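An overview of the molecular structure
Spelled out from the first residue to the last, the chains are:
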Amino acid sequence: MTILGSSSTHLMEFPRKILIGPNVIQDLGSFLTALSENFSNLAIVTGRTVKSRVQSLCQSSLINFTFNDAWYIVDDATMSSVRSLEKGMISNLPDAILGLGGGRSVDIAKMVAFDLRKPFISIPTSASHDGISSPFVSIRGIDKPFSVQANTPLAVLADTHLLSEAPKRLLSSGCGDLVAKVTAVKDWELAREETNEYYGAYAANLAFLSAKIIIDKFSGERHEDTQNEIRTIIEALISAGVASCIAGSSRPCSGAEHLFSHAIEYVAGHGYGLHGERVGLGTIMMAKLHGLDWEKVADTLRNVGAPTTAKELGLNEQHIVSSLVLARSLRPDRYTILNKIKLDNLSALDLARSVSVI
Ligand SMILES: [Zn+2]
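Since the model is a prediction, treat every value here as computed from it, not as a measurement.

The rules we used
- Residues numbered from 1 in each chain as written.
- Predicted model: local features only at pLDDT ≥ 70, side-chain atom pairs only at ≥ 80, totals over all residues.
- Helix = DSSP H or I, 4+ residues; strand = E, 2+ residues; numbered from the N terminus.
- Buried ≥ 20, exposed ≤ 12 C-beta atoms within 10 Å, placed from the backbone.
- Contact = placed C-beta atoms within 7 Å.
- Domains from an automatic or database assignment.
- Nonpolar A, V, L, I, M, F, W, Y, C, P; charged D, E, K, R; others polar.
- Pairing = 2+ DSSP bridges.
- Right-handed = clockwise from strand over helix to strand, strands pointing away.

With respect to the helices, strands and loops of the structure, Ile25 is situated in the loop between β1 (17-21) and α1 (28-35). Look at Ile25 and you get buried, because 22 C-beta atoms sit within 10 Å. Spatially, the C-alpha atom of Ile25 lies 7.4 Å from that of Leu157, the residues being 132 residues apart in sequence. Among residues more than four places away in sequence, those in contact with Ile25 are Val54, Leu57, Cys58, Ser61, Asp159 and Leu162.

This part covers the domain arrangement of the protein. As far as domains go, the protein holds domain 1 (17-166) and domain 2 (170-354). For domain 1 versus domain 2, the distance between C-alpha centres works out to 26 Å. Taken together, the contact pairs 26 residues of domain 1 with 28 residues of domain 2. Taken together, the elements giving at least two residues each to the side of domain 1 that touches domain 2 come down to β1, β8 (155-159) and α5 (160-164). With three residues, α5 is the largest single contributor of residues to the side of domain 1 that touches domain 2. Its residues assigned to classes, the side of domain 1 that touches domain 2 shows 12 nonpolar, 13 polar and one charged.

Let us now look at the pairing of strand β2 (residues 41-46). Strand residues, when the strand is regular, have side chains that alternate between the two faces of the sheet. Counted residue by residue, β2 has five buried out of six residues, so it is predominantly covered. In terms of strand pairing, β2 meets strand β3 (residues 68-73) through six bridges, oriented parallel. By the bridge assignment for β3, Leu42 is matched with Asp69. The β-α-β motif built from β2, the intervening helix α2 (residues 48-62) and the parallel element β3 has right-handed crossover chirality. Across five bridges, β2 lies against strand β4 (residues 96-101) in parallel orientation. Residue pairing across strands places Leu42 opposite Ala96, the latter belonging to β4.

Moving on, we get to the pairing of β8. Burial analysis of β8 places five of its five residues in the buried class, the great majority of the element. Here β1 pairs with β8 via five bridges, running parallel. Bridge pairing in β8 places Lys17 opposite Ala155. Pairing of strand β5 (residues 120-124) with β8, which is carried by two bridges, proceeds in the parallel orientation. Looking at β8, one finds that Ser122 is bridged to Val156.

The structure is reproduced here in structure tokens:
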């Protein structure tokens, strides 16, 4: 009997330990020791700014243990960064690879760890997307217009104090990636009905819950309780990533709103908004197509400070229309509302106008 390879079975891989709280970066040494007695050489992948902020904190936590820490800086989320890091590590392979920073450092480190077959530990310093705890990575230079699968992080350490010091815009972007689960889950339900695709109710509900918590909390009016807010958002992002682990794919977290975001990168190029900001804009429009309460989605985004119009992202009317029309062709294996309602230039324009995105 084969366990893997059958369409009715899939393997679920979860993070083994998740530590969340203020100043838990100071516990990094004991956290790693509890994970494995075999960790000695650590590769820490990070960005320049994060390194200057937290290197001494990390090192004072590691000093009581027998770790060797080698630090690697990433400047961009491209495959060439992945390759040059791998080259740098290959002669002295680390026992574990830590991704310390925003989405870029976490994604690059996750990909390098996957290629080098080493355990990966996720240490986010901004709550900007759900890749924190999932096996998925978004890296430019891969010949696919969407995220690819690597390994699930062995562990996640989320210091809410560090996270609270990140630029506010990154947190708003994380909320955009969370509200997206409303339409992603609807797309999955639709695929079950229309194409008989496998649908995991538990994974779908968990992803939906992570969006619901954010919408319930922020769709009314803005709360100003930063520490609690950050904890709620980071826990929701981690839960969404775990939903992907349960599903064995990004299905519960990524539907037509993500395809729209990828299409923007094709149509307009890179540099127009953050991942979660583009996805949030897409969610407003896909919610309308699904017949959901799109105004509640828009209110939530507005209340967390995320963009709700093309203009705020530097995009024009044509960018939005072309992206809406292109999106359904980017990933033929992923059935979404855009396969059911096939938009042309005119209907795409109507849709974007009707929800005031343009
Ligand atoms: Zn996403």
